[in-house]
Structure formats: C-alpha cells, structure tokens
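Coordinates in review
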Amino acid sequence: MSTLYRDRTPRSLNFASGGTPGLPLDKYIIVRQPNCAKTLRAARRSSTVASLAVTALLAAVPEFAIGQSLQTDSSAAARAGAIAHAQKMRRLFPDIGGDTQATPPVIPQLEIDPDPSGAIATFQPNGPTITAKNAFFQNLGTNGRTCGTCHQSGDGWSFSAQHAHDRFEANPNDPLFRLIDGATCPSDDVSTYQAKRKAYRLLRSKGLIRIGLPIPSDGLEFQIIGVDDPYGCNTNSTTGLTGSTTGTVSVYRRPLPAANLGFLSTIMWDGREPSLFSQSVDATIGHAEGTVNPTPLQQQQIVNFEGCTQALTPDLCANTPAGAGVFTAQIFDDTGRYLFGNGANGGPISLSKQLARFFIGVNDPLGQNPTGVQFNPEIFDLYSNWNGLPGHDDKTDQRQAIVRGEELFNTTKINITGVTGLNDALNQPTISGVCGTCHDTPSVGNHSVKAPLNIGIADAGAASPPALDIAGLPVFTIACTSGLLAGEIFEVTDPGRALITGKCADIGKVKGPILRGLAARAPYFHNGSAATLADVVEFYNQRFDIGFTDQQKADLAAFLSAL
C-alpha cells in the first residue's frame, strides 16, 4: 500500500528538445512513500528524486522490433491443476472480511520511488496510465486484490519483504494477506492478530507466495518419499499430497516483476505459462480468486500495461500497441547520486531503448543466436564512462565502485560445475564461463533462450546452498524411479520445473530472472533465501569457489544495486 505524495511547489518542466514546454512537473512524476512513517532518509530523498525527471525524461520513445518466435512447452495440465486446487481451497477455507486494494488514479509516464539504496524508477514510453481504464488495476476477483496488490512500483513492480512486513503492521487486512496464497497454508488459523502473524510469517519475512501445483501424471519419473513441512500443508491430504505420486505440492516463491517483460524468454519461474495472456487469466482465477476469466479486452489491457513478449510470442502480441509496457530500473544511488549522470546509462529510459534490439537467442553463449553472432561476455555497459572519474569524494568513490563491479560482472572467470541444465547438457564437468554465461541478455541479465538451470538454490540437507537462508521452507525427499537418473535421491526445498515436466533432470531447475531493479525487491532468488545483494554475491563466491576479495564483493554488490 502506498500513499500519494507530491511536491506541491509550483514548477514547470521545459524540455530542451522535443518536449511540451510549460507542463507542470507533477504531470510527469509522482513520488510515493509507504504508509509507514517516512524515514529521515526517505524525507531527504523526496526533493531529490522529484527533480530527476528534469533530465531523465529527455529521451525519445524507442522503436520496437519483433524477433523470432519460440515454441513453448506444454504445461496445460499443471496450470489446470493449480487452478483446480485454488478453487477447492477457496471453497473450503474462505477469507472472512478484508480490505480492497487502494490504487492511485494515474501511473505517470515517469514515476520515482525511494528504495533502500536510493530510488527506483518506472517509465512508460507511451505515456501515463489511467488506472480506472486498465484491468491491471481493477478488482477482477473476489478477495479485494488487483494485479497491483503484488506488483508495486516502489518495489520494482514486485514487492519487497520489508514492505510486506510494513503493510501487515499497518493493516493486517491488506489484500496482500489472503489465505489462498499469502498464508503458509489455506487452512491456517487467522482468527486473531497473533494467529495472522503466524499464518503470514513467510510472506512477512521473506516475501514468499505459496504456489500449489499438482504432481504430473504423464511421464512421471519420480516419487516424493518424504516431506519435512513445518506448516503441514503438504502432508495434509486435504491441502497437499494424497500419495507419493498424487496430490498437490505447495512451494513458496517470490513474485516476479511485472515490468521489463518484453525481454522475457520464459514466463514464470518454472516456465509453466505459455503467454502473458494466459498468465493474466490464471492469476485472476488463482491469486485474485476470480469466478470468471477476464475478458479478452481485459487481458489485452493488462498486457498493454505490462508490455508484451514480442520476441517470444509475436503472433499473440500483434494487437499490443508499439511502445506499450512499463520499464523499471534503479535511477538514483544515495551515495553515487544520479545513475544517468556523467555519461552513464542507468535508469529505465535507457533500458526501454534496448528492447528494439532484443530477440530470442540474442547473445546466447551456446550457439543458439539465430544470426550466428558470437557470444559477447560484456553484458552490461551502463557505467563504463565513469571509469577514471577524477576526485575522491563519496559520490566519485561510489561511482568507481559501481564501475569496478560492472567490470567484475563482465570479466570474472568462473569454473562452472554441477549446474544441471548446463554441465550435464553439454557433458562437460567443468565449463569456463563468466556471469554472462547464465545472464546473457545485454543490459538486462536474464537468459535470452529458455534455459532452466539448477545452480543449487533449491538444494537441502547435506547439499544446502552456502551463504543462504533456507530455514522455514519445506524439504522434499524425491526418489527417481525411471529415466536416466533412476535410483537417484534428491533433497530440495522446491522441485522446480520437475513439477511441470515430471522429469528428474528438471528437479530444482528455475529460470534466471531479469536483473534490473534489484535494489527495490529484496530478498533474492526464487525462494527468498538471500536477504541482501551481498548474500547473493557471497553465495556465488562460495558455490563456484571464485575467490573474491572483500573489496570485490562490495564492488559487485554496489553494481547490482545500481541496476
């Protein structure tokens, strides 16, 4: 939840070129603060972030190119099972009372919100969105939610665990807190305030949403032979498993951002959605507990706001206007200041211009670029112009840290081992790679083709990932009964894509998300196991035995926070 804040000082914004002279500044920019008391740091930022539009909006709307299509996997059974489970849970365990989502009347062309390290920005190339005219911001279900309940501008169009905590403290009846997916189980007791705190503890502490998925029936290669579930949701036959190969598996995942979606090669952590249109339907029936599907017009409105996956599903995106969509990226650093200053290219306006260059396989390291161009490990070139800036004040020192971190991201050699979906697929126990081997899309950092990988985030037991906190997550013991991995035993907190395909090779696999706007949406990884970006860096450092120095870790975290 957020309240509208505007600098009421009369001002006008006169563009140097191509703009509309004399337009009031607050037509272009809104700064929102959380409902919780404004911190001193946020108060100091408010006048600064409001002024960012003076320079940041001096950019042309990019042209859009349609890249090649990519055949999507069949996951209809998983999606249908998830919807059936949600409908059953709604009937058995209905919410009692609860508020409806508050929505600002307009999402401006450029919006800037404070976040823990500075400010995150939202940019819409086609101009502002009137929320009353777009289904993304409308209550299409029965529980008071909109898409904006879990996708907030100040959190990079996801939501942070800190803001989930703050929203609960401000109002336990906030629509974010619903039994269907916000509680550890739909059957949780929420009759008192203390009971609600317990029921929503994973949401409040790690920003995790419960996802209920059926065990696949076709081609199943495994059995779930043991579950250590502190919440009892998986072990109760009403809400969870009914046998080792039947029933529903509840996993807990972070909501992905609803911005920068034109760069997607895979939709959802496990790739189960074939398009953003189907996702809008499933989210309405599931998370919003709708009783009817959104109409084709409402689906189109939602996609128009989010931005369509032109490269992935060009035919489905044919009716989406050119320039549609919302882009988000960090625009301001508390110490380094303006991330588009001194020749840098931070912020969402610069990012929006990259979409015209994106196509499926654009920089794939394994030869899947349809143009035949070789992989370029220089994934990010946002801050190279800051290299060698004179001076030793705090701002310059932070900018130097950011540019050193960018160079580390692009050039650090990593011996990649034990990554299923990569080492096994290539039959190479060790691959000499870089960060961009798995984060190859230029200026964005996700994978440019469908490439679900298991780097160990979901591992549990003796193989638990270093530097990460997986406490409080259920642990599944999975025995492979057929296929190439027959006889193998896995302990994981999330079976990952295996819940879609039924294949043992897919246990623990998830996609790599878009990296822009990270500073606003902690914690990290699909299960929220990294509380900070420093934890993310330390995980990779230990997991792949990179050997970063303390300075290098700090530099890389500074760069990631500037994305």
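Residues numbered from 1 in each chain as written. Predicted model: local features only at pLDDT ≥ 70, side-chain atom pairs only at ≥ 80, totals over all residues. Heavy atoms only, no water.

Some words on the overall build of the protein chain
Stated formally: In DSSP terms, a helix is any run of H or I states spanning at least four residues, a strand is any run of E spanning at least two, and both are numbered starting from the N terminus. Here the term buried applies to any residue with accessible area under 20% of the maximum for its type, exposed to any over 50%, and partly exposed to those in between, with areas from a 1.4 Å probe on protein chains only. In this analysis, two residues are considered to be in contact whenever any of their non-hydrogen atoms come within 4.5 Å of each other. Note that accessible areas follow from Shrake-Rupley with a 1.4 Å probe, and for residues the cover is restricted to the protein chains shown.
Check the secondary structure of the protein chain and you find 14 helices and 17 strands. Within the span of the protein chain, comprising 563 residues, buried residues form 57% of the whole. Across the protein chain, contacts joining residues at least 24 apart in sequence account for 69% of those joining residues at least 6 apart. Split by element, the accessible area of the protein chain, about 21,800 Å² in all, is 52% carbon and sulfur.

Remarks on the sheet that holds strand β10 (residues 222-228)
Selection rule: Here the rule is simple: two strands pair whenever DSSP picks up at least two bridges between them. Axes here mean lines fitted to C-alpha atoms, for a helix over just the part in contact, with angles spanning 0 to 180 degrees between N-to-C directions.
Spatially, the 3 strands line up as an open sheet ordered β10-β16-β17, and their pairing is antiparallel. The sheet terminates laterally at β10 and β17 (489-492), the two strands that pair on one side only. Strand-to-strand, the axes of this sheet are offset by a mean angle of 20°, without reference to chain direction. Pairing of β10 with strand β16 (residues 475-480), which is carried by 6 bridges, proceeds in the antiparallel orientation. Its bridge partner lying in β16, Phe222 is registered against Cys480.

Remarks on the packing of aromatic side chains
Definition in use: The aromatic pairing rule takes the rings of Phe, Tyr and Trp, using the six-membered ring of Trp, and pairs them if the centres are within 6.5 Å, calling planes under 30 degrees apart stacked, those over 60 edge-to-face and the rest tilted. For a ring to carry a charge above it, either NZ of a lysine or CZ of an arginine must fall within 6 Å of the ring centroid while also lying within 35 degrees of the normal to the ring plane.
If you walk through the whole model with that rule in mind, you get 23 aromatic pairs. Centre to centre, the rings of Phe177 and Tyr200 are 5.4 Å apart; their planes meet at 65°, and the pair counts as edge-to-face. With a gap of 23 residues between them, Phe177 in the loop between α4 (161-170) and α5 (193-199) and Tyr200 in the loop between α5 and α6 (201-206) connect regions that are remote in the sequence. Cluster of aromatic residues (ring-pair linked, three or more members): Phe136, Phe137, Trp157 and Phe305. A cation over a ring is seen here: Arg204 above Phe168, with NZ or CZ 5.4 Å from the ring centre. When the ring centre of Phe159 is taken as origin, the NZ or CZ atom of Arg254, which lies over that ring, is 5.5 Å away.

Points about the side chain of Gln124
Selection criterion: Think of a polar contact as two N or O atoms within 3.5 Å of one another; within protein, one of them needs to be a possible hydrogen donor and the other a possible acceptor, and neighboring residues in sequence only count if both atoms come from side chains.
As for its placement among the helices and strands, Gln124 is situated in the loop between β7 (118-123) and β8 (129-130). You can call Gln124 buried: its relative accessible area is 3%. Of the polar contacts made by the side chain of Gln124, one reaches the backbone oxygen of Pro108; its length is 3.1 Å. With residues near it in sequence (within four places) discarded, Gln124 still touches Ile107, Pro108, Gln109, Thr129, Phe305, Gly325 and Val326.

What to know about the pairing of strand β12 (residues 327-333)
Two faces belong to every sheet, and in a regular strand the side chains alternate between them. Summarising burial for β12: 7 of the 7 residues are buried, a large majority. Here 6 bridges tie β7 to β12, and the two strands are oriented antiparallel to one another. Paired with Phe123 across the bridge in β12 is Phe327. Hairpin connection, β12 to strand β13 (residues 337-338): the antiparallel pair is bridged by 3 residues.

Concerning helix α13 (residues 533-543)
Looking only at α13, the buried set comprises Leu533, Val536, Val537, Glu538, Phe539 and Asn541. Next to the buried residues of α13 lie α14 (550-561). Phi for Asp545, located one or two positions after α13, is positive at around 50°.

Brief notes about the nonpolar core
This is how it is decided: The nonpolar core is taken to be a set of buried Ala, Val, Leu, Ile, Met, Phe, Trp, Tyr and Cys residues, with the residues joined through side-chain atoms within 4.5 Å.
Among the nonpolar cores identified, the biggest contains 42 residues, and Phe380, Tyr383, Ile402, Phe409, Phe559, Leu560 and Leu563 are the most heavily contacted of them. With near-sequence residues (within four places) excluded, Phe409 lies in contact with Ile379, Phe380, Cys435, Gly436, His439, Leu515, Leu556, Phe559 and Leu560. Leu176, Phe177, Leu203 and Ala498 belong to the second-largest nonpolar core, a separate cluster that totals 33 residues.

Quick notes on unusual backbone geometry
In this chain, Ala522 is followed by Pro523 through a cis amide linkage whose omega measures 0°. By the element assignment, Pro523 lies in the loop between α12 (498-501) and α13. The phi angle at Asn427 is positive, at roughly 55°, despite the residue not being glycine. Relative to the helices and strands, Asn427 is located in the loop between α11 (423-426) and β15 (430-433). Phi at Phe525 is positive, roughly 70°, even though this residue is not glycine. Looking at where Phe525 falls in the secondary structure, it is placed in the loop between α12 and α13. Judged by its relative accessible area of 16%, Phe525 falls in the buried class.

Describing helix α3 (residues 76-92)
Cut-off, in case you're wondering: Helix span, expected: 1.5 Å multiplied by one less than the number of residues in the helix. What the arc measures is the spread of directions leading from the helix axis to the C-beta atoms.
With 17 residues, α3 should cover 24 Å at 1.5 Å per step; its first-to-last C-alpha distance of 24 Å lies within 8% of that length. Here α3 has its buried residues at Ala78, Arg79, Ala82, Ile83, His85, Ala86 and Met89. Take α3 and look down its axis: the buried residues cluster within an arc of 160°, on one side only. In α3, those exposed residues whose orientation departs by more than 90 degrees from the buried face are Ala77 and Arg91. Lining the buried residues of α3 we find β9 (209-214), β11 (248-253), α7 (276-286) and α12.

Observations concerning the confidence of the model for the protein chain
For clarity, the cut-off: pLDDT: the predictor's confidence for each residue, scored from 0 to 100.
Counting all residues, the mean pLDDT for the protein chain is 89, and 87% of those residues have values of 70 or more. Long-range and interchain partners of residues 1-28, a stretch whose pLDDT sits below 50, account for 56 contacts in this model, where long-range means more than four residues apart.

Thoughts on the sheet that holds β12
Read across the open sheet, the 4 strands follow the order β6-β7-β12-β13; overall the sheet is antiparallel. Looking at which strands have only one partner, the edges of the open sheet turn out to be β6 (110-115) and β13.

Observations concerning the pattern of salt bridges
Formally: Between Lys or Arg on one side and Asp or Glu on the other, a salt bridge is scored when a side-chain nitrogen of the former is within 4 Å of a carboxyl oxygen of the latter.
If you walk through the whole model with that rule in mind, you get 14 salt bridges. Notably, a salt bridge pairs Asp270 with Arg253, separated by 2.8 Å at the nearest N-O pair. Highlighted residues: Asp270 in the loop between β11 and α7 and Arg253 in strand β11, separated in sequence by 17 residues. The same class applies to Asp270 as to Arg253, namely buried. For Glu538, the salt bridge identified is with Lys553, shortest N-O distance 2.8 Å. In this pair, Glu538 is assigned in helix α13 and Lys553 in helix α14, connecting sequence segments 15 residues apart. One network of salt bridges, in which partners are shared, links Arg253, Asp270, Arg272 and Asp494.

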